[in-house]
Amino acid sequence: MNDPQFWWYVSRASAIIAWTLLTATALWGVLLSTRVLRTADNPAWLKDLHRYLSGTAIAMTLVHVGSLLLDPYLRDQAGFGVAATLVPFASEFKPVPVALGIVALYLMVGVALSALAARWLPHRVWKGVHYLSYAVVALITFHAALAGTDPGTSWYTVLSTALIVVTALAVVVRLLVGTVAAQRRRSARSPRVARGNERLRMVVARRVPLADGVLGLRLVPEGGGTLPVWTPGSHVVLHVPGGLERHYSLCGDPADRWGFDIAVRLAEQSRGGSRFIHEHLRVGDPLEVTTPRNRFGLEPANDYLFIAGGIGITPLISMITSLPASRHWSLVYIGRTRRSMPFADELITRYPGRVTVHASDEQRGRYPAAAAASASSAEVYCCGPAALMDELAAVVPAGRLHLERFVAADRTAGVVARPIEVDMPGIGSLRVPADRSILDVLEDAGAPVTGSCRSGVCGTCELRVTGGTPLHLDSVADDAEKDAAGVMYPCVSRALSPQLSLDL
Ligand code: FES
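So, how was this worked out
Residues numbered from 1 in each chain as written. Predicted model: local features only at pLDDT ≥ 70, side-chain atom pairs only at ≥ 80, totals over all residues. Heavy atoms only, no water. Helix = DSSP H or I, 4+ residues; strand = E, 2+ residues; numbered from the N terminus. Buried < 20%, exposed > 50% of the residue type's maximum accessible area, 1.4 Å probe, protein only. Contact = heavy atoms within 4.5 Å. Core = buried A, V, L, I, M, F, W, Y, C linked by side-chain atoms within 4.5 Å. Domains from an automatic or database assignment. Pairing = 2+ DSSP bridges. Axes fitted to C-alpha atoms, helices over the stretch in contact; angles between N-to-C directions. Phe/Tyr/Trp six-rings, centres within 6.5 Å; stacked < 30°, edge-to-face > 60°. Patch = residues over 30% accessible without salt bridge, like charges linked within 9 Å, V, L, I, M, F, W, Y side chains within 5 Å. Areas by Shrake-Rupley, 256 points an atom, 1.4 Å probe, with all protein chains shown as cover. Salt bridge = Lys/Arg side-chain N within 4 Å of Asp/Glu carboxyl O. pLDDT = per-residue confidence, 0-100. Expected span 1.5 Å × (residues − 1). Parallel < 35°, antiparallel > 145°, perpendicular 65-115°, else oblique. Left-handed = near helix turned anticlockwise from the far one by under 90°. Nonpolar A, V, L, I, M, F, W, Y, C, P; charged D, E, K, R; others polar.

S.K.: Would you mind going over the environment of Leu323 in detail, with residue names and values included?
M.R.: Relative to the assigned elements, Leu323 resides in the loop between helix H9 (313–322) and strand S8 (328–335). Among the residues examined, Leu323 registers a relative accessible area of 4% and is labelled buried. The contact partners of Leu323, leaving out residues within four places of it in the chain, are Arg35, Leu298, Tyr304, Phe306 and Trp329.

S.K.: Quick one: what's the story with the nonpolar core, residue by residue and with numbers?
M.R.: Across soluble globular proteins, nonpolar side chains have a tendency to be buried as a group. Of all hydrophobic cores here, the largest spans 30 residues; its most connected members are Phe306, Trp329, Leu331, Tyr333 and Leu347. Those elements giving two or more residues to this core turn out to be strand S7 (303–309), H9, S8, helix H10 (344–350), strand S9 (355–359) and strand S10 (379–383). Counting residues per element, this core draws most heavily on H9, at five residues. Counting only domains with at least three residues in this core, you end up with domain 2 (194–290) and domain 3 (308–404). When sequence neighbours within four positions are dropped, the list of residues in contact with Tyr333 reads Ala308, Gly310, Ile313, Met341, Pro342, Ala344, Leu347, Thr356, Val357 and His358.

S.K.: Outline the sheet that holds strand S5 (residues 260–265), listing residues and values.
M.R.: The six strands lie next to each other as S4-S3-S6-S1-S2-S5, forming an open sheet whose pairing is antiparallel. Looking at strand neighbours, the two that pair on one side only are strand S4 (244–249) and S5, the edges of this open sheet. Taken over all neighbouring pairs, the strand axes of this sheet differ in orientation by 40° on average, direction set aside. Summarising the sheet, strand S2 (residues 214–221) and S5 pair through six bridges and their orientation is antiparallel. Looking at S5, one finds that Gly216 is bridged to Ala263.

S.K.: With reference to specific residues and values, describe the packing of aromatic side chains.
M.R.: Counted under the stated rule, the structure contains 10 aromatic pairs. Where Phe296 meets Tyr381, the ring centres are 5.7 Å apart and the plane angle is 55°; that geometry is what we call tilted. Highlighted residues: Phe296 in the loop between strand S6 (286–290) and S7 and Tyr381 in strand S10, separated in sequence by 85 residues. Judged by its relative accessible area of 3%, Phe296 falls in the buried class. Taken together, the aromatic side chains of Phe296, Tyr304, Phe306, Trp329, Tyr351 and Tyr381 make up a single cluster linked through ring pairs.

S.K.: Please set out a nonpolar patch on the surface residue by residue, giving values where relevant.
M.R.: A cluster of nonpolar residues, Tyr131, Tyr134, Val171 and Leu175, forms a patch on the protein surface that exposes about 350 Å² of accessible area. The set of elements that each furnish at least two residues to the nonpolar patch consists of helix H6 (123–146) and helix H7 (154–189). Its location among the elements puts Tyr131 in helix H6. With a relative accessible area of 40%, Tyr131 lands in the partly exposed category.

S.K.: Lay out the sheet that holds strand S13 (residues 428–432) in plain terms, naming residues and giving numbers.
M.R.: Across a sheet, paired strands are connected by hydrogen bonds in the backbone, their directions being either parallel or antiparallel. Taken together, five strands build an open sheet; the order of strands is S13-S12-S18-S14-S16 and the sheet is mixed. Only two strands of the sheet have a single partner each, and these edge strands are S13 and strand S16 (487–488). Bridge count between strand S14 (residues 463–467) and S16: two bridges; the pairing is antiparallel. Directly across from Arg464, in S16, lies its bridge partner Val487.

S.K.: Residue-level account of H9, with values.
M.R.: Burial runs high along H9: nine of the 10 residues are buried. What H9 keeps buried is the set Ile313, Thr314, Pro315, Leu316, Ile317, Ser318, Met319, Ile320 and Thr321. The secondary structure elements touched by the buried residues of H9 are S4, S5, S7, S8, H10 and S10.

S.K.: I'd love a proper account of the confidence of the model for the chain, names of residues and values included.
M.R.: Taken over all residues, the pLDDT of the chain has a mean of 88, while the share at 70 or more is 94%. The model gives residues 188–194 a pLDDT under 50, and that stretch makes 17 contacts with residues more than four places away or in other chains.

S.K.: Tell me what's going on with the domain arrangement of the chain, and back it up with residues and numbers.
M.R.: Here the chain is partitioned into domain 1 (6–188), domain 2 (194–290), domain 3 (308–404) and domain 4 (420–503). Placing the centre of domain 3 and that of domain 4 at their C-alpha centroids yields a distance of 33 Å.

S.K.: With reference to specific residues and values, describe helix H5 (residues 95–116).
M.R.: Between its terminal C-alpha atoms H5 stretches 32 Å, which fits the 32 Å expected from 22 residues at 1.5 Å a residue. Burial in H5 covers these residues: Pro97, Val98, Ala99, Gly101, Ile102, Ala104, Leu105, Met108, Val111 and Ser114.

S.K.: How would you sum up the packing of helix H1 (residues 6–34) against H6? Please name residues and give values.
M.R.: Between H1 and H6, the least distance of the axes is 10 Å, while the angle of their chain directions is 155°. Compared by their axis directions, H1 and H6 come out roughly antiparallel. Handedness of the crossing formed by H1 with H6: left-handed. Contacts between H1 and H6 pair Trp19, Leu22, Ala26 and Val30 from the former with Tyr134, Val136, Val137, Ile140, Thr141 and Ala144 from the latter. Each residue belonging to the contact of H1 with H6 can be placed in one class, and the counts come to nine nonpolar, one polar and no charged.

S.K.: Summarise the pattern of salt bridges; cite the residues concerned and give the values.
M.R.: A side chain of one charge can pair with a side chain of the opposite charge when the charged atoms of the two come close. Tallied over the entire structure, the rule returns 21 salt bridges. Notably, a salt bridge pairs Glu279 with Arg275, separated by 2.9 Å at the nearest N-O pair. You can see Glu279 and its partner Arg275 sitting in helix H8 (residues 273–279), four residues apart, about one turn around the helix. Overall, Arg275 belongs to the partly exposed group, its relative accessible area being 29%. The salt bridge involving Arg366 is made with Glu391; its shortest N-O contact spans 2.6 Å. Of this pair, Arg366 sits in the loop between S9 and helix H11 (369–375) while Glu391 is found in helix H12 (residues 386–395), placing the two residues 25 residues apart along the sequence.

S.K.: Give a detailed account of the pairing of S6, specifying residues and quantitative values.
M.R.: Every other side chain in a regular strand lies on the same face of the sheet, so the side chains alternate between the two faces. As paired strands, strand S1 (residues 199–211) and S6 are joined by five bridges and run antiparallel to one another. Residue pairing for S6: Arg201 is matched across the bridge by Glu288. Across two bridges, strand S3 (residues 235–240) lies against S6 in antiparallel orientation. Within S6, the residue paired with His239 across the bridge is Glu288.

S.K.: Residue-level account of unusual backbone geometry, with values.
M.R.: A positive phi angle, close to 40°, is found at Lys94, a residue other than glycine. By the element assignment, Lys94 lies in the loop between helix H4 (82–86) and H5. In this structure, Phe343 is a non-glycine residue whose phi angle is positive, near 75°. With respect to the secondary-structure elements, Phe343 resides in the loop between S8 and H10. On the basis of relative accessible area, Phe343 is assigned to the buried category, the value being 15%.

Here is the structure:
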């Protein structure tokens, strides 16, 4: 402290440490948001380290600013006082580089405050403010490279070159991976793109028991190669012998382009689908599989509450895997017995503190899922038994509730089926009697439409509405979403208007 240059040394050292920590923060931020190392990383650890690095970088920046203010030489001899330190362009010494540092300081504080308040801010606002961290890194880089007295020395040149290269690499990774993610999100939002009617020839590459009555399968393309891009929440349709079609959610990592992972529970009343898979399907067997469809897409949000009932965990696994580690989420996983709940132990280990497993053979009473969902402000994503989803639908506003149904909800109460006139290019005008579905009548007339579940749950029969007003009776998606996309599902839905114009 007696050394007259003490504060000058402190300001230089803290500046260099702050710049290094800021670069590491940016790098960790990219790892958090892109999860490019997702096979090896641990989200909780990544997130903690990102927070620690950013907090320390801010602390070091404040030490840098404080030591500049405390330096007697700068204050008394060089005229570098409070204004020059805190007001952009007030400094006579290197005004532009100094101003860049001051602006970066204020932006850094803004980003830090928005991160602390992320839970309460709309996701878009938080994200927009957080993008300013790239500007902070850029401004600090220019400030560090141009201000001060160290630039020009060989050790500083080596250090600054290394930090700039790391920053540039982080930005390139963010841009490349961000573009892929944005494409996936666009695909997921478009019901037309989500149809996935193309069939792939695949073979069983792995077959492992995941839990009591649950088999894990990995399917890879016959002859190798990569698979189409898919989004979290997607499912595929397996065509099993006997003309049966079975829908299974993809439960792997959406970034994995080399295989589809599914989990198949043996249904008690199986007519051949899951029973055939459990009892006859072996490694190396061929199978036809449709390209992935998504009607349970993950929308951007700050906070998610995932609720899974039994095998309903499968679509939620891909959502959780794909989320940036910085995102708030929690999972409630409900099942009859712990031994019948695939992935339960793995999830608890991988995401400590975020996963609640409620197995009826271990805990008494029912888990109060509806109460938890209504008390939360998070976006609720649920897949499980119809009773669980109906319970949630009764208490959670439709705007923040997202359901994936295996069985269609009965929406016919109070609906009186009436005959409808339907027309379609190349088919002409058809009369649909009250006791037949639009899909049946179109198929009989030779229209190139296909159905799968025929109960309004799978989304296969989707058609575009070009005229008239549909009466949605399906459970594929929210009615407002279908109206916005201009689509309907003719296996169960009808019309409010006497006439409907439909197209593929
Ligand atoms: S065939 Fe499944 S929704 Fe129409």
